[in-house]
Amino acid sequence: MSDEYYLELSENPVQFENASSVNNVFFDEANKQVFAVRSGGATGVVVKGPDDKSSVAFRMDDKGEVKCIKFSLGNKILAVQRTTKSVVLPDKRTLKLLKSQSINVNWYMYCPETAVLLLSTTVQGNVLQPFAFKSATVSKMSKFEIELPAVPKPAKLSLSERDIAVATIYDQLYVMYLKHHSRSTNSPGAEVVLYHLPREGTCRKTHVLKLNTTGKFALNVVDNLVVVHHQSSQTSLIYDIKLRELDGALNVHQPVLPAQSINPYKIHLTGPAAAPSQAPVPCELYSSSWSVFQPDIIISASEGYLWYLQVKLQPTLNLLQDKGKLMDFLLRRRDCKMVILSVCSLMLTGGDKGNLSVVATVFDKLNQVYKEYLDAEQAYTAAMESGPSRSSTSYKRPVRTQAVIDQSDMYTHVLSDFTEKKGVKHKFIIAVLMEYIRSLNQFQIPVQHYLYELVIKTLVQHNLFYMLHQFLQYHVLSDSKPLACLLLSLESTYPPAHQLSLDMLKRLSTANDEIVEVLLSKQQVLGALRFIRSVGAHDNVSARKFLDAARQTNDTMLFYTIFRFFEQRNMRLRGNPAENIREHCEEHVAYFKQVFGENALMKQATA
């Protein structure tokens, strides 16, 4: 059932004493802490944060109603507000005024992640003045105006802090404005308008999210997705501002996926009415008592729960039919690797099987991200090798995200299994493999030999030797030592493979003795011997090396053949089959006698 929902509440919520007539609940957005204040603090204050380390409990004197309570970062200083104009620090401390600004303020909003403060100014409240905080300095940023759907006459406060949220999306700071439906403008529904707020320069309206409905909304940002909750329909919409549909200078966005509810959630009842063994009950989703905080927090004060909203990627596979758009969406998500690989597998064996243009599009999108990572890694390495300089200090080691799907990932999780699938036409299998290799070449990514090996094994399995010959002849499959060794192993099935392999090794400018070592390491002992003979070096080669390799194959007839070859060589060169072969090879001679008998040894020629 949960596989249907692409949004869910975190499994391990922060639980606290629910709000009541004797218990007030506050939330500190900077520390992500919930304060449960009983009886003004006289009977206890319990602070719970994202982890157990940030949980604190203490008491304080009841000096009246608490309007707000917060800790400084690191829980060092407690601040309590009981009146509209004063903040009390229970620990007596000296405060120093660093900077002041004279400005009429309607309301404020602070973004702790970026340390930016927004002040609502003017009568209508729609001119926002941002301030940036860094260390002990405060800098005034360019003010900007939020476009209201209608200007009231006479002028009055028209922009509420409930309709504004500040969040970081794709490492950029945005002010999100929930623009409600206006009957006078014949708008089909509400919108979320995004204003990009750079550290320097002017703030501009850059994105519009079409909600296509009216009512009460709340905003979250999860994994760089804007999530819009709609209370009356009890559904949520998600938007990805990187999936663009240009409308003039603006990017206008429709929901990426159909509207859907958050995954149903069950909670344990608390309080005097709850029985210890009582089963969990369904939580009321989209409740009017919910409070939503940036970027991804939902709090139910009445039930005593704080959740983190999470996006599940697997359910999106059936909701986004366009594989190119699906891949664009997945590649920007945090935990995307295994989902992307499952999309690739399904694409090759599921309902889309046979659509090579779709396969090509997906491979190109994956390899573009792969290439960008390789280039960044290469640039970083080059900067570090060049030594410390002004330019190299700006380089940070590129982070390998889950969106980087390399050749090993594709081979292990997709292509090797795909080539073994029953019921898939071999022509399609080969076409897919070659399409992936084409894509790698297009992005100038060196193709790993195991992909070529997969192509060759598939061709051989289906007796497509003419195609194999063409691929090698026209260098569709790039030369490499492992590939040459694989070709040698095919000699018994396809005799021309031996010569193709040797030609490849020679093109690689591989030294003769190195070629022999490669062949012997692959237990291609006869192939190594044939190669040595083809280059005329068989009279000087070490017998022991070949006999060692032959013994390791546990093939007694192969050992017999190799042993006999060196006997015959010595007989031809020196008239004595034992000379040179028995030097350093005593154990091999003993093994030969043991298996074949002493009479099997060649006798020295007599005059």
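Note: the structure precedes this text.
All of these numbers come straight from a predicted model, not from anything done at the bench.

(A) Representation of the overall build of the chain within the structure. For the chain, the helix and strand inventory stands at 14 helices and 28 strands. For 607 residues, the compact-globule estimate of 2.2 N^0.38 gives 25 Å, and the C-alpha radius of gyration of the chain, at 36 Å, exceeds that figure by more than 25%. Based on the C-alpha atoms only, the size of the chain along its principal axes is roughly 125 × 60 × 55 Å. In the chain, which comprises 607 residues, the share counted as buried stands at 47%. Counting only contacts in the chain whose residues sit at least 6 apart along the sequence, the fraction spanning at least 24 positions is 53%. On the chain, roughly 32200 Å² of surface is accessible, and the fraction owed to carbon and sulfur atoms is 50%. The centroid of the 67 positive side-chain charges in the chain is displaced by 5 Å from the centroid of its 58 negative side-chain charges.

(B) Inspection of the sheet that holds strand 19 (residues 217–222) at higher detail. Pairing is antiparallel in the open sheet, where 3 strands are placed in the order 19-20-21. Edge positions in the sheet fall to strand 19 and strand 21 (235–239), since each has one partner strand and no second. Between one strand and the next, the sheet's axes are offset by a mean angle of 25°, whatever the strand orientation. Where strand 19 meets strand 20 (residues 225–230), 6 bridges bridge the pair, whose relative direction is antiparallel.

(C) Fine view of the side chain of Asn23. With respect to the helices and strands, the residue Asn23 is situated in strand 3 (residues 23–28). Taking the relative accessible area as the measure of exposure, Asn23 reaches 0% and is therefore buried. Here the side chain of Asn23 touches Glu17 through a polar contact of 3.0 Å, landing on its backbone oxygen. Within the structure, the side chain of Asn23 is placed 3.5 Å from the backbone nitrogen of Val37, a separation counted as a polar contact. Residues within four places of Asn23 in sequence aside, it is in contact with Glu17, Asn18, Ala36, Val37 and Arg38.

(D) Summary view of the nonpolar core. If you look at the biggest cluster of nonpolar residues, it comprises 117 residues, and the most contacted ones within it are Met410, Leu415, Leu468 and Phe546. A total of 9 residues in this core trace back to one element, the largest contributor, which is helix 5 (residues 426–442). Dropping the residues within four chain positions of it, Phe546 is found in contact with Val516, Leu520, Val525, Ala528, Leu529, Ile532, Val541, Ile562 and Phe566.

(E) Expanded view of the state of the cysteines. Counting across every chain of the model gives 0 disulfides. In this structure Cys111 is not part of a disulfide, and its nearest cysteine sulfur, from Cys203, lies 13 Å away. Assessed through its relative accessible area of 3%, Cys111 is described here as buried.

(F) Structural view of the packing of helix 1 (residues 323–331) against helix 2 (residues 337–349). Here helix 1 crosses helix 2 at 165°, and the two axes come no closer than 10 Å. In this view, helix 1 runs roughly antiparallel relative to helix 2, as classed from their interaxial angle. Seen along the crossing, helix 1 lies across helix 2 with a hand that is left-handed. Between helix 1, through Lys323, Leu326, Met327, Leu330 and Leu331, and helix 2, the contact on the second element is made entirely by Val339, Ile340 and Val343.

(G) Region of the structure containing the environment of Leu209. Position of Leu209 relative to the elements: it lies in strand 18 (residues 204–210). Considering only alpha carbons, one finds Leu209 and Val252, 43 residues apart in sequence, at a separation of 6.1 Å.

(H) Spatial organisation of the pairing of strand 10 (residues 107–111). The side-chain alternation of strand 10 yields one buried face, formed by Trp107, Met109 and Cys111, and one unburied face, formed by Tyr108 and Tyr110. What sits between the antiparallel neighbours strand 10 and strand 11 (residues 116–121) is a turn of 4 residues, in which Ala115 has the positive phi angle 55°.

(I) Region of interest: the packing of aromatic side chains. The full count for this structure, using the stated rule, is 21 aromatic pairs. Judged by centre distance (5.6 Å) and plane angle (15°), the rings of Tyr560 and Phe592 are stacked. Residue Tyr560 is found in helix 13 (residues 556–574), and its partner Phe592 is found in helix 14 (residues 586–596); the two are separated by 32 residues along the sequence. What links up through ring pairs into an aromatic cluster is the set Phe559, Tyr560, Phe563, Tyr591, Phe592 and Phe596.

(J) Spotlight on the environment of Lys593. You can see Lys593 is positioned in helix 14. Overall, Lys593 belongs to the partly exposed group, its relative accessible area being 34%. Distance in space between the C-alpha atoms of Lys593 and Ala382 is 60 Å, their sequence separation being 211 residues.

(K) Structural detail: the pairing of strand 3. The pairing of strand 3 with strand 4 (residues 33–38) spans 6 bridges and is classified as antiparallel. When the bridges of strand 4 are listed, Phe26 appears paired with Phe35. Where strand 3 hands over to strand 4, the hairpin turn is made up of 4 residues, of which Lys32 adopts a positive phi near 55°.

(L) Looking closely at a nonpolar patch on the surface. On the surface, a nonpolar cluster with roughly 430 Å² of combined accessible area is contributed by Ile103, Val105, Tyr108, Tyr110 and Phe133. Relative to the helices and strands, Val105 resides in the loop between strand 9 (86–88) and strand 10. Taking the relative accessible area as the measure of exposure, Val105 reaches 41% and is therefore partly exposed.

(M) Quick look at unusual backbone geometry. In this structure, Pro295 follows Gln294 across a cis peptide bond, with omega equal to -5°. Considering the arrangement of structural elements, one finds Pro295 in the loop between strand 26 (290–293) and strand 27 (297–300). Unusually for a residue other than glycine, Asp171 sits at a positive phi of about 65°. Position of Asp171 among the secondary structure elements: in the loop between strand 15 (164–169) and strand 16 (172–179). Using a relative accessible area of 72% as the deciding quantity, one classes Asp171 as exposed.

(N) A look at the pattern of salt bridges. Throughout the structure, instances matching the rule amount to 22 salt bridges. Glu113 serves as the salt-bridge partner of Lys32, at 2.9 Å between the closest nitrogen and oxygen. Residue Lys32 is found in the loop between strand 3 and strand 4, and its partner Glu113 is found in the loop between strand 10 and strand 11; the two are separated by 81 residues along the sequence. Notably, a salt bridge pairs Arg400 with Asp406, separated by 2.7 Å at the nearest N-O pair.

Rules behind the numbers
- Residues numbered from 1 in each chain as written.
- Predicted model: local features only at pLDDT ≥ 70, side-chain atom pairs only at ≥ 80, totals over all residues.
- Heavy atoms only, no water.
- Helix = DSSP H or I, 4+ residues; strand = E, 2+ residues; numbered from the N terminus.
- Rg over C-alpha atoms; globule rule 2.2 N^0.38 Å.
- Buried < 20%, exposed > 50% of the residue type's maximum accessible area, 1.4 Å probe, protein only.
- Contact = heavy atoms within 4.5 Å.
- Areas by Shrake-Rupley, 256 points an atom, 1.4 Å probe, with all protein chains shown as cover.
- Lys, Arg positive; Asp, Glu negative; His and termini not counted.
- Charge placed at Lys NZ, Arg CZ, Asp CG, Glu CD.
- Pairing = 2+ DSSP bridges.
- Axes fitted to C-alpha atoms, helices over the stretch in contact; angles between N-to-C directions.
- Polar contact = N/O pair within 3.5 Å; in protein donor to acceptor, adjacent residues only side chain to side chain.
- Core = buried A, V, L, I, M, F, W, Y, C linked by side-chain atoms within 4.5 Å.
- Disulfide = S-S within 2.5 Å.
- Parallel < 35°, antiparallel > 145°, perpendicular 65-115°, else oblique.
- Left-handed = near helix turned anticlockwise from the far one by under 90°.
- Phe/Tyr/Trp six-rings, centres within 6.5 Å; stacked < 30°, edge-to-face > 60°.
- Patch = residues over 30% accessible without salt bridge, like charges linked within 9 Å, V, L, I, M, F, W, Y side chains within 5 Å.
- Salt bridge = Lys/Arg side-chain N within 4 Å of Asp/Glu carboxyl O.

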